[in-house]
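Descriptive analysis of the structure
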Amino acid sequence: MSSSELLQFLISGLQNGAVYALVGLGFTLVYASTGIINFAQGEFFMLGGMLAVAGVRMGLPLPLSILAAVLLSAGVGVAMERFALRPRRDSGALVLIIITIGASMVLKSLARHIFGPNEMALPAFTPGPPVLLLGAAIDRQVLWIWGLTIVAVVGLTLLYTKTKLGRAMRASSLSHDAARLMGIDTAGVVMISFGLAAALGALGGAAVAPLTQTAFDVGARAGLKGFAAAILGGLGNPIAAVVGGLVLGVLESLSVAFISSTYKDAISLVLLLAVLFLRPQGLLGKSGREKV
Amino acid sequence: MPEPLLAVTALDVGYGHVPVVREASLDVSRGEIVTIIGANGAGKSTLLKALAGLVRPTAGRVMLDGHEVTGFAPEKLVRQGLALVPEGRMLFGPMAVSENLALGAHTRRVAAEVAADLERVHTLFPVLAERSEQPAATLSGGEQQMLAIARALMSRPRILLLDEPSLGLAPKVIADIFKVLDALRADGLGILLVEQDANLALKHAQHGHVMRSGRVVMSGTAAELADNDDVRLIYLGAWHGNE
């Protein structure tokens, strides 16, 4: 294999990896604020792509469609927390997780009902020939995916480290009771986490839709990959979710290059199991929880 | 006599159907330390948790400065001027000392006032200024207790609830902490202090209550309780001689 071919595989890996990272960040945000896995996270990825397509078909300009898709998805995430999860929040993690599985089925069925069963394409954000880099061709949409991922990660990091809301979110993730004693409205923090998680998933779904097409049923696969990314990096830590996503994307891509494309999807499952067995805290997680 | 800052009347607290505190009544006024002593499991911590809103009382009434606050959520009670230094301190371990203090001031709106209060807690506990950027979890036990108290003070409470502040600390550190509590009391703060070390508690408090099996079984001035034969025998370890 020539070095430019290898580079091409690497680029494709980092492209998928960035999308996994966005979805994985959603898992991590919700886990940090609630301690549960939101199995509807993949459906926000689906909603992002589908709503953007719907916007374009309604005649909205592309950037506005994407923005509307992300905001609407965030609204669905907030509504899901408020109306499906919060009424049952004292019922324990298992009940809440099952509710998220139910919510994912509802969202998927609704999407099929509203948008139909067919695959749909979103126009490229900026059409044009691929950009050449050291003999490898990079689709312009891939640059968009990378750029949006970087903006999302930097924005999230600033939110977490520089703002009062971010500080309240970190405090709530350590202990709801302690955070409430500080006067933090932890229920509001949880709702915001669901909204942000949905927005990130939707952004990933809209950004990748011009390359891969989208349909009502793309959520499950995206959810699985994002979940694997978050677990691989170490749940609860945003940077870890990004690293996990990129590592997963590159490993998948290399497995296509060196083994066979047949096993591409199996890679994430194998990695997921291996991490859960061998290093449940993830690549970047600390062993054991810090407690004071 | 002026209205007490905190007035608790016949409060019942329980988890599920298991009653832990029954018909607890007590008052705390401005500039006063009131202590609750009693053995482990007597319901002292549960009573404090209920007063701070972490557990909902099942019956009874809590008045804060003349306003009913029974069953209020903790985030609401902080805004009403009640702060709890909880059992086990519940610091945000991975976060810096300065961030823990900033979280204590979460409900505050005026930055200049927060800055002034930060200076004040740094004066009360100078070690916190030195350790400002260290994660809270890396502090010693005594420093962590100081941080927990300082964090509660950052909300500028009118009444401070303290759950076992002396637990596991060296005598010198305990003395430092209680010197600060005495000073805060002198400044007009009302303090409700739960302590296992009854000697220590009665030395610093003005009033005291003894809890046994979820009930307040004895109340009086700190001096009366310290002189009471039952209290001396059971809680002050009189059989060891006077320590």
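Throughout what follows, the structure given in this document is the object of discussion.

About the thresholds
- Residues numbered from 1 in each chain as written.
- Chains lettered and ligands numbered in written order.
- Predicted model: local features only at pLDDT ≥ 70, side-chain atom pairs only at ≥ 80, totals over all residues.
- Heavy atoms only, no water.
- Helix = DSSP H or I, 4+ residues; strand = E, 2+ residues; numbered from the N terminus.
- Buried < 20%, exposed > 50% of the residue type's maximum accessible area, 1.4 Å probe, protein only.
- Lys, Arg positive; Asp, Glu negative; His and termini not counted.
- Salt bridge = Lys/Arg side-chain N within 4 Å of Asp/Glu carboxyl O.
- Polar contact = N/O pair within 3.5 Å; in protein donor to acceptor, adjacent residues only side chain to side chain.
- Contact = heavy atoms within 4.5 Å.
- Pairing = 2+ DSSP bridges.
- Axes fitted to C-alpha atoms, helices over the stretch in contact; angles between N-to-C directions.
- Left-handed = near helix turned anticlockwise from the far one by under 90°.
- Nonpolar A, V, L, I, M, F, W, Y, C, P; charged D, E, K, R; others polar.
- Phe/Tyr/Trp six-rings, centres within 6.5 Å; stacked < 30°, edge-to-face > 60°.
- Lys NZ or Arg CZ within 6 Å of the ring centre and 35° of its normal.

The next point concerns the side chain of Arg89(B). Residue and element names in this part refer to chain B. Considering the arrangement of structural elements, one finds Arg89 in the loop between β6 (82-85) and α3 (97-104). For the buried Arg89, which has no salt bridge, the nearest side chain bearing the opposite charge is Glu143, at an N-O separation of 10 Å. Here the side chain of Arg89 touches Gln145 through a polar contact of 2.9 Å, side chain to side chain. The residues touching Arg89, leaving out its near neighbours within four places in the chain, are Gly141, Gln144, Gln145, Ala148, Arg151, Leu167 and Leu169.

This next bit is on the pairing of strand β3 (residues 32-38) of chain B. All names here are of chain B. Of all seven residues in β3, seven are buried, a share of seventy percent or more. Both faces of β3 are covered, namely the face carrying Glu32, Val34, Ile36 and Gly38 and the face carrying Ile33, Thr35 and Ile37. Sheet topology note: the β3/strand β8 (residues 190-195) ladder contains six bridges and is parallel. In the sheet register, Val34 faces β8, and the bridge partner there is Leu192. Looking at chain direction, β3 and strand β9 (residues 207-212) are connected through five bridges and run parallel. Bridge pairing in β9 places Gly38 opposite Met211.

Turning our eyes to something else, we now look at the packing of helix α9 (residues 219-233) of chain A against helix α10 (residues 238-258) of chain A. Residue and element names in this part refer to chain A. α10 packs onto α9 with a crossing angle of 115° between their chain directions and a minimal axis gap of 7 Å. Read as a crossing pair, α9 and α10 show a hand that is right-handed. Within the contact between the two elements, α9 uses Lys225, Ala228, Ala229, Ala230, Leu232 and Gly233 and α10 uses Ala240, Ala241, Gly244, Gly245, Val247, Leu248 and Glu252. Among the residues making up the contact of α9 with α10, the classes are represented as eight nonpolar, three polar and two charged.

This part takes up the pattern of salt bridges. Counted according to the given criterion, the structure contains 13 salt bridges over all chains. Across the pair Glu252(A) and Lys225(A) runs a salt bridge, and its minimum N-O distance is 3.0 Å. Placement of the pair is Glu252(A) in helix α10 and Lys225(A) in helix α9, with a sequence separation of 27 residues. When its relative accessible area of 0% is taken as the criterion, Glu252(A) is described as buried. Since its relative accessible area comes to 2%, Lys225(A) is described here as buried. Across the salt bridge formed by Arg108(B) and Asp117(B), the nearest N and O atoms sit 2.8 Å from each other. Of the two residues examined, Arg108(B) and Asp117(B), each falls in the buried class.

We now examine the packing of aromatic side chains. The description of an aromatic ring pair rests on the distance of the ring centres and on the angle between the ring planes. What the rule picks out here adds up to three aromatic pairs over all chains. Between Phe125(A) and Trp144(A), the ring centres sit 5.5 Å apart and the planes meet at 65°, which makes this aromatic pair edge-to-face. Taken together, the positions of Phe125(A) in the loop between α4 (93-115) and β1 (131-133) and Trp144(A) in helix α5 (residues 140-162) put the pair 19 residues apart, joining distant regions of the chain. The class for Phe125(A) is buried, based on a relative accessible area of 16%. We classify Trp144(A) as partly exposed; its relative accessible area is 34%. Site record: aromatic cluster; members linked through ring pairs are Phe27(A), Phe39(A) and Phe227(A). Taking the ring centre of Phe72(B) as reference, the NZ or CZ of Lys76(B) above it sits at 4.5 Å.

A few words now on the environment of Ser73(A). All names here are of chain A. In this structure, Ser73 sits in helix α3 (residues 62-85). It is 8.7 Å that separates the C-alpha atoms of Ser73 and Phe45, two residues lying 28 residues apart in sequence. For Ser73, the contacting residues outside a window of four places in its chain are Phe44, Leu47, Gly48, Leu51, Ala198 and Ala202.

Our focus in this paragraph is the sheet that holds strand β1 (residues 6-15) of chain B. Remark on secondary structure: sheet strands pair via backbone hydrogen bonds, oriented parallel or antiparallel. Residue and element names in this part refer to chain B. Here four strands make up an open sheet; going across it, the order is β2-β1-β4-β5 and the pairing antiparallel. Lying at the two open borders of the sheet, with one neighbouring strand each, are β2 (18-28) and β5 (67-68). In the sheet, β1 pairs with strand β4 (residues 57-64) via six bridges, with the strands oriented antiparallel. Within β4, the position partnered with Thr9 by the bridge is Arg61. Along the sheet, helix α1 (residues 44-52) makes contact with β1, β2 and β4, crossing β1 at roughly 110°.

Here we come to unusual backbone geometry. Even without being a glycine, Leu134(A) presents a positive backbone phi close to 50°. Taking relative accessible area as the criterion, Leu134(A) reaches 72% and is therefore assigned exposed. Its identity as a non-glycine residue notwithstanding, Arg89(B) has a phi of 70°, on the positive side.

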